[in-house]
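So you can see what is in the structure, the chains are spelled out below.
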Amino acid sequence: MHHLLKFYGIHREFVVRFYIFGAKFTKLPIIGRIVRALLNWFAVSQHSALVLTGEEAKMVIDRAQNIAVGDCTCRKVFGNCDNPIRTDLVVGAGYDFFTKFESDEFTQISKDEAKDIIDECSARNLVQCIIQCRGKYYAICNCCTCCCVPLRLNRVYGVKKVWVRDKSAVDVLLDELIGQSGG
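Quick caveat, the model's predicted, so the values are computed rather than measured.

Draft legend 1. Quick peek at the sheet that holds strand 4 (residues 107-109). Taken together, seven strands build an open sheet; the order of strands is 4-2-3-6-5-1-7 and the sheet is mixed. A single partner strand is all that each edge strand has here, and the edge strands are strand 4 and strand 7 (163-164). Note that strand 2 (residues 67-70) and strand 4 share three bridges and pair antiparallel. Residue I67 lies in a different strand from strand 4, and its bridge partner there is I109. Across the sheet, helix 4 (residues 54-63) lies against strand 1 (47-52), strand 2, strand 3 (88-90), strand 5 (127-133) and strand 6 (136-143), angled at about 115° from strand 1, the strand it touches most. Seen against the sheet, helix 6 (residues 92-101) touches strand 2, strand 3, strand 4 and strand 6 and runs at an angle of roughly 80° to strand 6.

Draft legend 2. Quick peek at the packing of helix 2 (residues 12-23) against helix 8 (residues 149-157). Across the interface, helix 2 lies against helix 8 with an axial gap of 10 Å and an inter-helix angle of 5°. Between helix 2 and helix 8, the angle falls in the class roughly parallel. Contacts between helix 2 and helix 8 involve V16, Y19, I20 and A23 from the former and V149, R152, L153 and Y157 from the latter. Across the contact of helix 2 with helix 8, the residue classes tally to seven nonpolar, no polar and one charged.

Draft legend 3. Focus on the environment of L52. Counting through the fold element by element, L52 comes out in strand 1. Sequence separation of L52 and K167 is 115 residues, and the distance between their C-alpha atoms is 8.6 Å.

Draft legend 4. Summary view of the packing of aromatic side chains. Under the defined criterion, the tally for this structure stands at six aromatic pairs. Pairing F14 with F18 gives two aromatic rings, centres 5.9 Å apart and planes at 20°, and the pair type is stacked. Linking F14 with F18, this pair stays in helix 2, spanning four residues, or about one helical turn. Geometrically, the ring pair formed by W41 and F42 is tilted, given 6.4 Å between the ring centres and 55° between the ring planes. W41 gets classed as exposed once you look at its relative accessible area, which sits at 52%.

Draft legend 5. Here's a closer look at the packing of helix 4 against helix 7 (residues 111-123). At a minimum axis separation of 10 Å, helix 4 and helix 7 run at an interaxial angle of 165°. On the basis of the axis angle, helix 4 is roughly antiparallel to helix 7. Two packed elements cross with a definite hand, and for helix 4 against helix 7 that hand is right-handed. Residue-level inspection shows G54, A57, K58, I61 and D62 of helix 4 in contact with helix 7, the latter providing K111, A114, K115, I118, D119 and S122. Taken together, the residues of the contact of helix 4 with helix 7 break down into four nonpolar, two polar and five charged.

Analysis parameters
Every chain is numbered on its own, with residues counted from 1 as its sequence reads. Reporting of local features is limited, given that this is a predicted model, to residues whose pLDDT is at least 70; pairs of side-chain atoms are given and counted only at 80 or more, and all residues count toward the totals for whole chains, interfaces and linings. Hydrogens are left out, water is left out, and the side-chain values use all remaining heavy atoms of the structure. Criterion used throughout: strands pair if DSSP finds at least two bridges between them. The numbering of helices and of strands both runs from the N terminus, where a helix is a DSSP run of H or I of at least 4 residues and a strand a run of E of at least 2. Here a residue-residue contact requires only that any non-hydrogen atoms of the pair lie within 4.5 Å. For helices, the axis comes from a line fit to the C-alpha atoms of the stretch in contact; other axes are also lines fit to C-alpha atoms, and the angle between any two N-to-C directions lies between 0 and 180 degrees. If an angle is under 35 degrees, it is roughly parallel; if it is over 145, roughly antiparallel; if it lies from 65 to 115, roughly perpendicular; otherwise it is oblique. Gly counts as polar in this scheme, as do all residues outside two lists: the nonpolar Ala, Val, Leu, Ile, Met, Phe, Trp, Tyr, Cys and Pro, and the charged Asp, Glu, Lys and Arg. By convention, a stacked pair of Phe, Tyr or Trp rings (six-membered ring in the case of Trp) has centres within 6.5 Å and planes under 30 degrees apart, an edge-to-face pair has planes over 60 apart, and any other such pair is tilted. For each residue, the accessible area found with a 1.4 Å probe, counting protein chains only, is set against the maximum for its type, and the residue is called buried under 20%, exposed over 50%, and partly exposed in between. Rotating anticlockwise by less than a right angle from the far helix to the near helix defines a left-handed crossing, while the corresponding clockwise rotation defines a right-handed one.

By themselves, these are just geometric observations and shouldn't be taken as functional.
See below:
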């Protein structure tokens, strides 16, 4: 597990507030472009979201060794809508970290339960994405347009590389997961 994921895991609420606070500087003349460039660099090199279809999210679930569910930090912090909060699905390094250090919030669920969460969220027009920290994918989020930090960074503040749809990257991700699961 990378130290950045551990830091994020321990300080999730602070980090999502800080991202939005920092993003507000993108609206300022002159320094806005510099801040946006730094945030885009951070997204590419450290932490970002890869947009998935519901079916791709289910394929990730099928290949995951273990899955746990916990609260969506973005909706918990910002509370701009009435969408369900218990929708973050942690897998891989995320499962290992969050079930160990955040065991009171994240609980193991079956693959069928995880797919039901994806279906319910899709029915509410939430969008699935998989979050990565330094190239390690660790959580499937079910994002709304009003609370989701990566989506808001992209749409409102022009940080385009934090929330991306890249079919070739999804294919690579699924191939990697096949290798990890032995399938």
